[in-house]
Amino acid sequence: MPSRKSSPKSQARPAPAGSFDLETFLRNGAEAVNAALDLFLPKPTVRPATIHKAMRYSLFAGGKRIRPSLVIASAEACGGFVEDALPAACAVECIHTYSLIHDDLPAMDDDDFRRGKPTNHKVFGEGIAVLAGDALLTSAFDIIAQAPASARYSVAMQVRELAEASGSLQLIAGQVADLEGEGKKLTVPQLRYIHERKTSALLRCSARLGGMSAGCTAAQLAALSDFGYHVGLAFQVIDDILDVTQTSEKLGKTAGKDVEAEKATYPSIVGLEKSRRIAQQLTARAFAALKPLGKRAEALNAIAEFLLKRDR
Ligand code: GRG
């Protein structure tokens, strides 16, 4: 971590059964991640100021910070500490934000509105937006390389974990299949292939990196992988549902884009009701995956429930 006042390492306090305060957990997590991101990234006045302003514009535009929250909750589920999980939490958010900036470019989804604000290229121009995404991708690896090694996982193992999830076999592969699938009638297995890569891979990686930061056992890592995979798939099904059921104002991004771009989605293939059932089934699989982690997984449990019920 970059220089911060040293303080005792913090773990979430156990709450009485059934009363887990997710709102506070998410708020505290987001505050810690925002403060750490501010320290990790060059200040907006550092030359060339335009690029640092553009990186920060999208990074601090008001995202839900779901992936960093998964990192922190997964670390705590394995007895780890927030401070040790923060580099991974910041790194996954940098990857996520880069992917949104690039996805919004005219060459890809061509969106004007993201996180409730004009998209990066609308404010800074296409060239700077490409570079801001590139710089955030690079920063992600700079940041994860500063993560502490844990009992079972070297820094190199954590770096490779992030590279695998964001590389040409996962995140990029999902985006390629998404672009190539536009205007085509896809089957459910083809759609599942896209969702596994463009969405689930980074959520699964977030859960795994959280566990790794805590020096989790192989059995805990397997549970977190299973959880992250299913919660990631459910997340994208819900995202598809929200695209056709919510307004742009509520989502902070242009609603109805999937229909406009002739993108295959669960609602377009199986209908809204069945899509909701699929999201519930995937979330049930995510809950089941948490069993081996016991009571300490209550934040993960609450996040999965929150993601299923979210309306933005
Ligand atoms: C590598 C260019 C590139 C793209 C990879 C991630 C991605 C594929 C494209 C971005 C757009 C998209 C539909 C992604 C799927 C995952 C998803 C629903 C992202 C939105 O995540 P939220 O809701 O966003 O967590 P906030 O803004 O809250 O962080």
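Numbering of residues begins from 1 in every chain and follows the order in which that chain's sequence is written. The model is predicted, so local features are restricted to residues of pLDDT at least 70 and side-chain atom pairs to those at 80 or more, both for listing and for counting; the totals for chains, interfaces and linings are taken over all residues. With hydrogens and water stripped out, all remaining heavy atoms of the structure feed into the side-chain values.

A. Summary view of the layout of surface pockets. Space inside the largest pocket adds up to approximately 1,000 Å³. Cavities and pockets were defined on a 1 Å grid built over protein atoms only: a cavity is a set of grid points that admits a 1.4 Å probe from which the probe cannot escape, a pocket is an open set flanked by protein on both sides within 12 Å along at least five of seven lines, and lining residues are those with an atom within 4 Å of any such point. What lines the largest pocket is a set of 47 residues, among which Leu 100, Asp 103, Arg 114, Asp 239 and Lys 253 lie closest to the centre. Top element by residues in the lining of the largest pocket is helix α4 (residues 82-103). It accounts for seven residues. Gly is placed with the polar residues, together with every amino acid not listed as nonpolar (Ala, Val, Leu, Ile, Met, Phe, Trp, Tyr, Cys and Pro) or charged (Asp, Glu, Lys and Arg). Here the residues of the lining of the largest pocket are counted per class, giving 14 nonpolar, 13 polar and 20 charged. Grid points are joined across faces, edges and corners, and a volume is the space filled by probe spheres set on the points. The secondary structure listing takes helices from DSSP runs of H or I that are at least 4 residues long and strands from runs of E that are at least 2 residues long, numbered from the N terminus.

B. Inspection of the nonpolar core at higher detail. In terms of nonpolar packing, the biggest core is built from 68 residues, with Leu 162, Phe 227, Leu 293 and Leu 300 touching the most fellow members. Sorting elements by how many residues they give to this core places α4 first, with 12 residues. Residue contacts are defined here by distance: any two heavy atoms, one from each residue, within 4.5 Å place the two residues in contact. Leu 300 has contacts with Leu 70, Ala 73, Ser 74, Ala 77, Leu 224, Phe 227, Leu 290 and Leu 293, leaving out every residue within four places of it along the chain. Side-chain atoms within 4.5 Å are what join buried Ala, Val, Leu, Ile, Met, Phe, Trp, Tyr and Cys residues into a set we call a nonpolar core. In this scheme, a residue with accessible area under 20% of its type's maximum is buried, one over 50% is exposed, and one in between is partly exposed, where area comes from a 1.4 Å probe on protein chains only. Counting 17 residues, the second-largest nonpolar core is a separate cluster that includes Ala 177, Ile 238, Ala 264 and Ile 278.

C. How the structure looks around the pattern of salt bridges. Salt bridge, as used here, is a side-chain nitrogen of Lys or Arg placed within 4 Å of a carboxyl oxygen of Asp or Glu. Taken as a whole and judged by the stated rule, the model has 20 salt bridges. The shortest N-O distance in the salt bridge between Arg 65 and Glu 93 comes to 2.9 Å. Placement of the pair is Arg 65 in the loop between α2 (49-59) and α3 (66-77) and Glu 93 in helix α4, with a sequence separation of 28 residues. Judged by relative accessible area, which is 5%, Arg 65 ranks as buried. Residue class for Glu 93 comes out buried when judged on its relative accessible area of 0%.

D. Here's a closer look at the site of the ligand. Neighbouring the ligand are 18 residues; Lys 64, Arg 67, His 96, Asp 103 and Arg 115 lie closest to it. One of the side-chain nitrogen or oxygen atoms of Arg 115 is found 2.8 Å away from an oxygen atom of the ligand. Using a 1.4 Å probe, accessible areas were evaluated by the Shrake-Rupley method; residue-level cover was limited to the displayed protein chains. Protein contact buries 93% of the 720 Å² of open area that the ligand shows by itself. Assignment of a molecule to a cavity or pocket requires that more than half of its atoms lie within 2 Å of the corresponding grid points. One can see that the ligand is located within the largest pocket. Within the residue set of the shell around the ligand, elements represented by two or more residues are α4, α8 (171-181), α9 (188-213) and α10 (218-245). Of the residues that constitute the shell around the ligand, the class distribution is five nonpolar, seven polar and six charged. In these notes, residues near a molecule or strand are those with any non-hydrogen atom within 4 Å of it. Polar contacts here mean pairs of N or O atoms no more than 3.5 Å apart (in protein, one a potential hydrogen donor and the other a potential acceptor; neighbouring residues in sequence count only if both atoms are side-chain atoms).

E. Geometry of the environment of Lys 309. Here Lys 309 lies in helix α15 (residues 298-309). The class for Lys 309 is exposed, based on a relative accessible area of 60%. Expressed as a C-alpha distance, the spacing of Lys 309 and Gln 280, which sit 29 residues apart in the sequence, is 9.6 Å. In terms of polar contacts, Lys 309 uses its side chain to reach the side chain of Glu 305, at 2.7 Å.

F. Looking closely at α4. To estimate the expected span of a helix, subtract one from its residue number and multiply by 1.5 Å. Compared with the 32 Å implied by 1.5 Å per residue over 22 residues, the 30 Å span of α4 between its first and last C-alpha is a close match. Most of α4 sits inside the fold, with 21 of its 22 residues counted as buried.

G. Seen up close, the packing of helix α14 (residues 272-289) against α15. Each axis is a line fitted through C-alpha atoms, taken for helices only over the stretch in contact, and angles between the N-to-C directions span 0 to 180 degrees. Taken N-terminus to C-terminus, the directions of α14 and α15 make an angle of 175°; their axes are 10 Å apart at the nearest point. Put simply, α14 runs roughly antiparallel to α15. Contacts between α14 and α15 pair Ala 279, Gln 280, Thr 283 and Phe 287 from the former with Asn 301, Ala 304, Glu 305 and Leu 308 from the latter. Taken together, the residues that form the contact of α14 with α15 break down as four nonpolar, three polar and one charged. Put simply, angles under 35 degrees are roughly parallel, angles over 145 are roughly antiparallel, angles from 65 to 115 are roughly perpendicular, and the rest are oblique.

H. Summary view of empty space enclosed by the protein. Here the structure, examined in full by the defined rule, presents two cavities of 30 Å³ or more. In this model, the largest cavity occupies a volume close to 90 Å³. The wall of the largest cavity is formed by 13 residues, among which Ser 58, Ile 101, Asp 104, Arg 114 and Arg 115 lie closest to the centre. For the lining of the largest cavity, the elements supplying multiple residues, two or more each, are α2, α4 and β2 (117-118). When residues in the lining of the largest cavity are grouped by element, the largest group, three residues, is from α4. Taken together, the residues of the lining of the largest cavity break down into five nonpolar, four polar and four charged. Considering only enclosed or pocket space, the second largest cavity measures out at about 40 Å³ in volume. Lining the second largest cavity, in full, are Asp 178, Gly 181, Glu 182, Leu 186, Leu 191, Ile 194, Lys 263 and Ala 264. Taken together, the residues of the lining of the second largest cavity break down into four nonpolar, one polar and three charged.

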